[in-house]
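# Structural overview
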Amino acid sequence: AYPAVDRVLGGGLVPGSLLLLGGEPGVGKSTLLLQYAADFARRHGKVLYVSGEESPAQLRLRAERLGAISEDLYVSGETAVGAIRAQIETGAPVLAVVDSIQTVRHEGLGGLPGSVAQVQAATGEFLRAAKETGTSIFLVGHLTKSGVLAGPKVLEHMVDTVLYLEGERRYPYRLLKATKNRFGSTEELAVLTMGENGLVEVVNPSAVFLDERAAGEAGTVVYAGMEGTQPLLLELQALVVASGYGTPRRLVTGLDANRVALVLAVLERRCGFSLAAQDVYLSLAGGLRMNEPAADLAVAVAVVAGLRDRVVPEGTAIFGEIGLAGEGRPVRAGDRRVAEAARLGFKRAVVPRGDYRNLPPGFTVIPVRTVKEALGVVFSAAAGPEEREG
């Protein structure tokens, strides 16, 4: 996981920086940082890991299981901010990890650890310690049920870098990405998988996500998405059934429910499909979340395929935004999406009109003006006269 974290950081840690890693409880934040701390210690020297959630003995057991053992990795069970800062100043580690900011307490304030005042004051102390000593400090923060970091919003403004570790706990895959980075790009992404030996980077994520794809089944399409600078080919599944109640259900997993509602409205109004008496279930396989508008066209095709019990031709990838008039709109990095589809053996892509250059040999791009035209192209035997072949 060490190269993956460094890449997301924009090339590695900057001395004296204060970083925040957020994520839901149980997603693997402590596992990731313990692995990273051990690797960092082997490469660069002394690292201090402060654990307020596990005792040093418990942390040792986890480190042995993960193979995260190093002579230069020191562990502390201290929870007082002043004592932790003293350990950083006297020990002079290159990196310090505080797991988590919600468990430490500032001695000069009242209230329980994790309260707004405590979190803000503790973060301020760690910020001063990082700038004065040159030690890089990683803070771990938990997410609330609403998906935001627990504590004051100013916490994210105080730190230099904010990383998020995302993923469904029932799936092994995790996404690591930066939402703020004063020293590098926020466009990098790392796909990790959780196993017995901790988190390991997935070298070819698109192939992994499509490995168990239900090819040849009605209502499934391959969506060419982008997460940061990483193109990802993912399976999108739709199930459309007659509603047994007065109000039809709309259950969406892994996609923006508001965008899905917009697409369903366009299908009804612009394409003449009746969905008012149908339950619609949509799921992005693999447990990932993709909220970009480029999924609109794939959603439309999947829903119609599920409604009409049709199979999308094998070897077809789909992406594109849909407007309220039913028109297709180009999206960013279309050429990279096409290149990823070609690399994985796909033969054609149905996309909005745009500039697609340097097409791979044998690969066909089919530009469409509207969602209605896209549906006709996907479910017809011939692709039509507007194909462009590389």
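Now for the overall build of the chain. Helix and strand content of the chain: eleven helices and 19 strands. Principal-axis analysis of the C-alpha atoms gives the chain an extent of 70 × 50 × 35 Å. Taking all 390 residues of the chain together, the buried fraction comes to 53%. Considering only residue pairs separated by 6 or more positions, the chain has 69% of its internal contacts joining residues 24 or more positions apart. Per element, the accessible surface of the chain, about 16,600 Å² overall, is 51% carbon and sulfur. Each charge class in the chain was averaged separately, 41 positive and 43 negative side chains, and the resulting centres sit 4 Å apart.

We now examine the environment of Tyr-223. Relative to the elements of secondary structure, Tyr-223 occurs in strand S10 (residues 220-227). On a C-alpha basis, the gap between Tyr-223 and Arg-128 in space is 46 Å, while along the polypeptide they are 95 residues apart. Leave out the neighbours within four places in its chain, and Tyr-223 touches Leu-232, Leu-233, Leu-234, Leu-284, Met-290, Glu-292, Ala-294, Ala-295, Ala-298, Ile-318, Phe-319 and Arg-337.

So, on to the pairing of strand S5 (residues 136-142). Of all seven residues making up S5, seven are buried, and the element is well covered by its neighbours. Side-chain alternation along S5 places Ser-136, Phe-138, Val-140 and His-142 on one buried face and Ile-137, Leu-139 and Gly-141 on a second face that is also buried. Alignment of strand S4 (residues 95-99) against S5, held across four bridges, turns out to be parallel. When the sheet's bridge partners are listed, Leu-95 is paired in S5 with Ser-136. In the classification by handedness, the crossover that spans S4, the intervening helix H5 (residues 116-133) and the parallel S5 is right-handed.

Quick look at the side chain of Asp-279 now. Topologically, Asp-279 is positioned in strand S13 (residues 278-284). We note that Asp-279 is buried and unpaired, the nearest opposite charge coming from Arg-250 at a distance of 5.1 Å. In this structure the side chain of Asp-279 is engaged in a polar contact, spanning 2.7 Å, whose partner is the backbone nitrogen of Arg-249.

It is worth spelling out the sheet that holds strand S1 (residues 18-23) at this point. The strand order across the open sheet built from nine strands is S3-S2-S4-S5-S1-S6-S7-S8-S9, with neighbouring strands paired in mixed fashion. Unpaired on one side and paired on the other, strand S3 (73-76) and strand S9 (198-201) mark the two borders of the sheet. Mean inter-strand twist for the sheet, computed between neighbouring axes without regard to direction, equals 25°. In this sheet, S3 lies alongside strand S2 (residues 47-51) in parallel orientation, the contact comprising four bridges. Looking across to S3, one finds that Val-50 is bridged to Ser-76. Against the sheet, helix H2 (residues 29-44) contacts S1, S2, S3, S4, S5, strand S6 (161-166), strand S7 (173-181), strand S8 (189-195) and S9, and its axis sits at roughly 160° relative to S2.

Further remarks concern the nonpolar core. Of all hydrophobic cores here, the largest spans 67 residues; its most connected members are Leu-236, Leu-267, Val-303, Val-371 and Leu-375. Look past the residues within four positions of Leu-236 in its chain and what remains in contact with it is Gly-219, Thr-220, Val-221, Leu-255, Leu-282, Ser-283, Leu-284, Ala-298, Val-299 and Ala-302. By size, the runner-up hydrophobic cluster in this structure holds 35 residues, among which are Ala-68, Leu-73, Ala-190 and Leu-192.

Structurally, Thr-103 is set in the loop between S4 and H5. With sequence-adjacent residues up to four places away left out, Thr-103 is seen in contact with Gly-52, Glu-53, Thr-79 and Pro-113. In terms of polar contacts, Thr-103 uses its side chain to reach the backbone carbonyl oxygen of Ser-100, at 2.8 Å.

Any two packed helices are characterised by the angle at which their axes cross and by the distance between the axes. Interaxial distance between helix H8 (residues 257-271) and helix H11 (residues 371-378) falls to 10 Å at its minimum, and their mutual angle equals 90°. When the axes of H8 and H11 are compared, the pair comes out roughly perpendicular. Here Val-266, Leu-267, Arg-270 and Cys-271 of H8 come into contact with H11, specifically with Val-371, Lys-372 and Leu-375. Counted by class, the contact of H8 with H11 contains five nonpolar, no polar and two charged residues.

All right, on to the pairing of S9 then. Direction of pairing for S8 relative to S9: antiparallel, over a ladder of four bridges. Its bridge partner lying in S9, Leu-192 is registered against Glu-201. Taking the residues that link successive antiparallel strands as the turn, the S8-S9 hairpin has two residues.

The next thing to look at is helix H9 (residues 296-308). The end-to-end C-alpha distance of H9, which contains 13 residues, comes to 18 Å, matching closely the 18 Å that a straight helix rising 1.5 Å per residue would cover. With twelve of 13 residues buried, H9 lies mostly within the body of the structure. If you check which residues of H9 are buried, you get Asp-296, Leu-297, Ala-298, Val-299, Ala-300, Val-301, Ala-302, Val-303, Val-304, Ala-305, Gly-306 and Leu-307. A positive backbone phi angle near 55° is found at Asp-309, which sits one or two residues after H9.

Taking 1.5 Å per residue as the helical rise, H2 with its 16 residues ought to reach 22 Å, and the 22 Å between its terminal C-alpha atoms agrees with that figure. In terms of burial, H2 is largely enclosed, as 13 of its 16 residues are buried. Count one or two residues on from H2 and you reach Gly-45, which has phi positive near 120°.

So, how was this worked out
- Residues numbered from 1 in each chain as written.
- Predicted model: local features only at pLDDT ≥ 70, side-chain atom pairs only at ≥ 80, totals over all residues.
- Heavy atoms only, no water.
- Helix = DSSP H or I, 4+ residues; strand = E, 2+ residues; numbered from the N terminus.
- Buried < 20%, exposed > 50% of the residue type's maximum accessible area, 1.4 Å probe, protein only.
- Contact = heavy atoms within 4.5 Å.
- Areas by Shrake-Rupley, 256 points an atom, 1.4 Å probe, with all protein chains shown as cover.
- Lys, Arg positive; Asp, Glu negative; His and termini not counted.
- Charge placed at Lys NZ, Arg CZ, Asp CG, Glu CD.
- Pairing = 2+ DSSP bridges.
- Right-handed = clockwise from strand over helix to strand, strands pointing away.
- Salt bridge = Lys/Arg side-chain N within 4 Å of Asp/Glu carboxyl O.
- Polar contact = N/O pair within 3.5 Å; in protein donor to acceptor, adjacent residues only side chain to side chain.
- Axes fitted to C-alpha atoms, helices over the stretch in contact; angles between N-to-C directions.
- Core = buried A, V, L, I, M, F, W, Y, C linked by side-chain atoms within 4.5 Å.
- Parallel < 35°, antiparallel > 145°, perpendicular 65-115°, else oblique.
- Nonpolar A, V, L, I, M, F, W, Y, C, P; charged D, E, K, R; others polar.
- Expected span 1.5 Å × (residues − 1).

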